[in-house]
Amino acid sequence: MTPPSSPPWSRRTFLAATGGTALAVGLTEPGTAAATTRTQASAAAQADDEFAALRAKWRTLILGEGFSPTAEPFRSRLTDLGATATQLRSSMAPATGSLWPDLVFADPEPDTDQESYGFSGNMASSYGRLNTMAQAFCQQGTGLTGNAGLGTAILTGLDHLYAQVYNESRTRYGNWYSWQIGAPQALLDVCVLMYDQLSATQLANYAKAVDHFVPDSAVSSYTGTSTGANRVDLCRVLALRGVVGDDPAKIALARDALSPVFPYVTGGDGLYTDGSFIQHTTVPYTGSYGSVMLGGLGMLFALLAGSSWAVTDADRQIVFDAVENAWAPFLYNGLVMDGVSGRAISRGISASDARSIQQDDHLRGHPILASIVLLGQGASAAENNRWRGLVKGWMQRDYYSPPMSDPSLGLTGLARLKGVQDDTAVSAIAEPTGHRLFTNMSRATHRRPGWAASISMADRRITYYETGNGENLRGWHTGSGMLYWWGDTYGNGQYSDAFWPTVDPYRLPGITASRKALADAAGGDWGASLPDVNWVGGATDGQRAAIGQYLKGLQSTLLAKKSWFCLDDAIVCLGAGITCSDGTAVESTVENRNLGPTGSTTFTVDGTTKPLTYPWSETLTGAMWAHIGGHGGYVFPGGATVNAQREARDGRWSTINKGSSTTTLNRKYLTMWVDHGTNPVNASYAYTLLPGATAAQTSARAADTGWLQILANTDNQQGVSVPSLGFTGVNFWFGGTVGTLTASAPCAVMISERSDGTAVICVSDPMRMQTSLTLTWNRAVASVTAKPATVTEATTGASLRLTFGNLSGTAGATQKVTVKLG
């Protein structure tokens with residue numbers, strides 16, 4: 001989205017484990033056998049009380065609180081839960097190798113191939129179904145609350161799985177995750193929910209099974225599958241194993257094993273100071289594994305708060321800081337951007353479970369909102385209040401997929417969000433504006449009043465895309481400069497509405513790609529394929545930016561230099577040096593808009609409205625501008641030859657994810673692309689994206705030929721100037737002179753001249769290789785008013801000369817210099 005153990009702890013042996021720390025000193029006369037006995041009994045009772053309190057707290061965390069079972073949406077959800085549990089109970093048929101006929105877990109050839117992954121997944125899914133049944137048993141309003149027959153079925157299922165597959169004598173097969181996270185989390189949740197119905201023998205058996213598959217050594221080192229979100233999941237298993245088995249050492253281990261998750265990292269999995277979050281070593285994963293980590297930490301912080309095992313590590317503040325540093329930049333109107341959700345973008349309705357719900361960016365976003373609310377309970381009052389305001393705003397603006405109607409959000413998440421929605425003391429906070437550049441995961445977000453965009457790139461540290469477990473089989477080009485964008489009141493379903501199974505994977509918006517046919521999962525599983533490039537990143541002042549990507553195609557000879565200059569109402573997109581010898585066509589996709597099942601949106605080019613028919617295509621020669629009704633505009637400086645088409649595309653989720661539905665879907669697309677031809681040499685493109693612009697505004701921008709000046713668009717440098725904004729941005733792929741700027745080595749430069757006579761010069765070393773750099777701005781500068789320590793010399797006068805020292809250790813971060821103009 002994770003050594004042999006001693007026998008399970010007795011429910012009455014807390015005193016021995018703690019070395020007497022819980023002694024009720026002074027209650028009786030010391031030194032007598034009676035006093036010792038009474039003291040031990042008192043301590044044991046207190047320990048029992050604390051474990052019971054933790055179990056009660058966990059029940060609340062997984063069942064929810066503060067909602068009426070007779071009020072919507074809870075009444076309907078509880079009714080559905082009861083109906084699902086009834087169906088599961090009636091279809092449950094314990095047999096050798098399965099608990100349900102459609103979830104066979106017996107693997108005839110146990111290993112770690114794809115088939116074995118399926119069998120192990122079925123085992124974990126079986127526990128998941130028992131968890132659903134247990135929730136129906138415990139929740140009010142399901143029609144099955146406390147139902148004896150359902151309770152018996154749950155216990156029968158637990159014993160069957162223990163006897164057949166999940167026990168201390170079995171060797172795991174298939175996916176490690178199923179054995180160490182998926183199954184034990186569901187099992188332990190059921191143990192808490194059904195605690196009073198389970199015998200001591202049953203609890204001991206299940207504890208032995210968990211200890212076997214999730215030994216203490218699972219968290220002994222912060223490596224491999226025990227990092228980031230997976231580590232949090234493993235800690236949840238260990239903590240709940242301690243809670244269920246009255247084992248203080250397990251709970252303490254879980255708490256302590258969380259600590260390596262908190263500190264910022266400089267490589268591999270975890271949170272970075274720039275807000276990046278990486279999982280699987282090379283994959284930006286804020287929206288998937290990051291969500292799991294955030295939710296898991298929120299639950300563990302809440303579970304252990306006020307107990308003997310409260311999480312007190314001071315570094316946990318890093319997690320609180322990350323709410324706005326790492327997660328909020330990728331949340332927009334309730335959705336979490338797909339560019340940081342890895343292979344999760346390919347998850348449609350399950351092929352094996354018709355009850356499953358298609359995932360999308362909104363349904364992945366809503367649990368993050370609920371997790372932020374939960375995490376806020378352990379944060380400062382100021383943080384909690386602000387986060388609730390952010391959540392309320394995201395909820396109110398999610399017109400496409402209202403969170404309170406989210407069919408995949410559990411009752412606990414719904415209850416937390418409902419609490420925010422109904423809290424009259426909380427005012428909704430508007431979407432923040434500004435630019436964020438996440439150099440450590442090759443991502444950028446640009447947020448303006450009325451719209452937001454994100455850019456996904458790849459370099460030698462960040463994979464082209466992630467595939468694995470038969471998922472995201474055709475995500476090949478999602479890191480090739482994909483440009484996502486959304487409007488405040490439009491386009492929020494752009495990537496939600498069956499986009500991924502129906503879009504042409506060679507024509508993702510913003511990318512440059514060869515049409516060379518790629519095999520499913522090309523490049524290898526788990527983000528194994530990395531482009532051999534260094535220059536990916538840019539410079540930003542927090543509002544505008546100059547972003548660049550040196551692109552090498554996946555399993556292709558394609559080379560290209562791509563730049564995005566992110567401005568107040570537009571993103572200027574340049575491409576140059578586009579060279580390829582694959583023997584196939586090479587294209588840069590200006591746009592590929594998902595127009596839904598009907599696709600009746602208008603398309604206007606240079607004032608002429610094009611046909612609404614499907615299919616339709618045309619080569620637009622000398623096009624100056626284009627406009628998609630209700631979405632935005634596109635300007636082609638100086639005119640361009642652009643291909644455009646309307647296309648109705650069929651697709652199946654199973655094509656991109658082996659475990660998903662085979663149902664055929666159809667969506668209408670309006671696509672624009674620049675055809676660079678077969679085996680191009682030094683081809684280029686230039687266009688400006690105007691999100692939310694009307695046709696009249698787009699036409700006016702195209703007619704204002706002085707608004708944008710393209711200073712360079714070559715294999716050596718790309719740069720633009722927008723005089724009315726006081727903006728200059730140049731990506732120096734090699735040192736040289738562009739306009740008024742001269743750089744001695746590769747770098748990114750962005751300048752904003754302000755109306756108060758000052759200017760901000762932003763410089764970065766995206767390659768992370770420059771040991772020295774000299775930048776000259778041919779502009780009169782009176783003085784330097786602020787500069788970072790990396791600037792070793794600054795000369796002012798008729799021009800500005802900045803000398804930077806070693807930038808190789810700055811991780812591509814922007815170095816900001818403020819000057820007073822002459």
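Preceding this paragraph is the structure being described.
Looking now at the packing of aromatic side chains. Think of a pair of aromatic rings as described by two things: how far the centres are apart, and how the planes are tilted against each other in angle. This structure, assessed with the given rule, holds 26 aromatic pairs. Aromatic side chains Tyr484 and Trp486 sit 6.1 Å apart centroid to centroid with 5 degrees between the ring planes, which places their arrangement in the stacked category. Accessibility assignment for this pair places Tyr484 and Trp486 in one class, buried. An aromatic cluster is built from Tyr484, Trp486, Tyr495, Phe499, Trp500 and Tyr669, whose rings are joined through pairwise contacts.

Going through the model one piece at a time under the given rule, you end up with 31 salt bridges. With a closest N to O distance of 3.1 Å, Glu466 and Arg343 form a salt bridge. Of this pair, Glu466 sits in the loop between β8 (451-456) and β9 (482-487) while Arg343 sits in the loop between β5 (335-336) and α12 (361-376); the two residues are 123 residues apart in sequence, bridging distant segments of the chain. Of the residues examined, Arg343 reaches a relative accessible area of 4% and is grouped as buried. As a salt-bridge pair, Lys561 and Asp715 come within 2.9 Å of each other at their nearest N and O atoms. One end of the pair, Lys561, is in strand β13 (residues 559-566); the other, Asp715, is in the loop between β22 (709-713) and β23 (717-722), and 154 residues separate them in sequence. With relative accessibility at 30%, the residue Asp715 sits in the partly exposed group. By sharing partners, the salt bridges in this structure join Asp211, Asp216, Arg241 and Lys250 into a single network.

A few words now on the pairing of strand β29 (residues 773-777). Among the five residues that make up β29, four are buried, leaving the element largely enclosed by the rest of the structure. The sheet contact formed by strand β26 (residues 741-743) and β29 spans three bridges and is antiparallel. Bridging from a neighbouring strand, Ala743 pairs with Leu775 of β29. Looking at chain direction, β29 and strand β32 (residues 800-804) are connected through five bridges and run antiparallel. Each residue of the ladder has a partner; that of Leu773, found in β32, is Phe804.

Before going further, it helps to examine helix α17 (residues 695-703). Along α17, the residues that are buried comprise Thr698, Arg701 and Ala702. Angularly, the buried residues of α17 cover 100 degrees about the axis, an arc narrow enough to put them on a single face. Summarising the geometry of α17, the exposed residues directed more than 90 degrees from the buried face are Ala696 and Ala703.

Our focus in this paragraph is the sheet that holds β23. Here we have seven strands laid out as an open sheet, ordered β22-β23-β24-β27-β28-β33-β30, and antiparallel in their pairing. Each end of this open sheet is capped by a strand with a single partner; those strands are β22 and β30 (781-786). Each strand axis lies, on average, 15 degrees off the axis of its neighbour in the sheet, ignoring direction. Relative to strand β33 (residues 815-821), β30 is paired through four bridges, and the arrangement is antiparallel. Note that in β33 the partner of Val784 across the bridge is Val819.

On to the pairing of strand β14 (residues 571-579). Burial runs high along β14: eight of the nine residues are buried. Where β13 meets β14, seven bridges bridge the pair, whose relative direction is antiparallel. Its bridge partner being in β14, Lys562 is matched across the sheet by Gly575. Counting the residues that bridge the hairpin from β13 to β14 gives four residues. One ladder, built from six bridges, connects β14 with strand β21 (residues 683-691); its direction is antiparallel. For Leu574, the partnering residue across the bridge sits in β21 and is Ala686.

Here is a general trend for soluble globular proteins: nonpolar side chains tend to be buried in one another's company. Formed by 149 residues in total, the largest nonpolar core has its most connected members in Tyr127, Leu130, Met133, Ile154, Tyr166 and Trp500. The biggest single contributor to this core is helix α6 (residues 176-193), with eleven residues. Other than its neighbours up to four places away in sequence, Met133 contacts Ala85, Leu88, Arg89, Met92, Trp100, Leu150, Ala153 and Ile154. Of all hydrophobic cores here, the second largest spans 43 residues; its members include Trp485, Ile571, Cys573 and Met672.

Now for the sheet that holds β8. Strand pairing within a sheet occurs via backbone hydrogen bonds; the two strands may be parallel or antiparallel. The strand order β6-β7-β8-β9 describes an open sheet built from four strands, whose pairing is antiparallel. Every other strand in the sheet has two partners, leaving β6 (434-438) and β9 as the edge strands with one partner each. With strand direction ignored, the average angle separating the axes of adjacent strands in the sheet is 10 degrees.

Here we come to the packing of α6 against helix α8 (residues 228-244). Relative orientation of the contacting elements α6 and α8 amounts to 35 degrees, with a least axis distance of 9 Å. Read as a crossing pair, α6 and α8 show a hand that is left-handed. Residues Trp176, Tyr177, Gln180, Ile181, Pro184, Gln185, Leu188, Asp189, Cys191 and Val192 of α6 lie in contact with α8, whose contacting residues are Asn230, Asp233, Leu234, Arg236, Val237, Leu240, Arg241 and Val244. Residue classes in the contact of α6 with α8 are distributed as eleven nonpolar, three polar and four charged.

This part takes up unusual backbone geometry. Glycine aside, residues mostly have negative phi angles, and peptide bonds mostly take the trans form. At the junction of Glu72 and Pro73, the peptide bond is cis and its omega measures out at 5 degrees in the coordinates. Following the sequence through the fold, Pro73 ends up in the loop between α2 (33-63) and α3 (74-91). Note the cis peptide between Tyr614 and Pro615, where omega equals -5 degrees. Even without glycine at this site, Trp526 takes up a positive phi of about 60 degrees. Inspection of the secondary structure assignment puts Trp526 in the loop between β10 (512-514) and β11 (536-540). For Trp526, a relative accessible area of 31% gives the class partly exposed.

Definitions and cut-offs
Residues numbered from 1 in each chain as written. Predicted model: local features only at pLDDT ≥ 70, side-chain atom pairs only at ≥ 80, totals over all residues. Heavy atoms only, no water. Phe/Tyr/Trp six-rings, centres within 6.5 Å; stacked < 30°, edge-to-face > 60°. Buried < 20%, exposed > 50% of the residue type's maximum accessible area, 1.4 Å probe, protein only. Salt bridge = Lys/Arg side-chain N within 4 Å of Asp/Glu carboxyl O. Helix = DSSP H or I, 4+ residues; strand = E, 2+ residues; numbered from the N terminus. Pairing = 2+ DSSP bridges. Arc of directions from axis to C-beta. Axes fitted to C-alpha atoms, helices over the stretch in contact; angles between N-to-C directions. Core = buried A, V, L, I, M, F, W, Y, C linked by side-chain atoms within 4.5 Å. Contact = heavy atoms within 4.5 Å. Left-handed = near helix turned anticlockwise from the far one by under 90°. Nonpolar A, V, L, I, M, F, W, Y, C, P; charged D, E, K, R; others polar.

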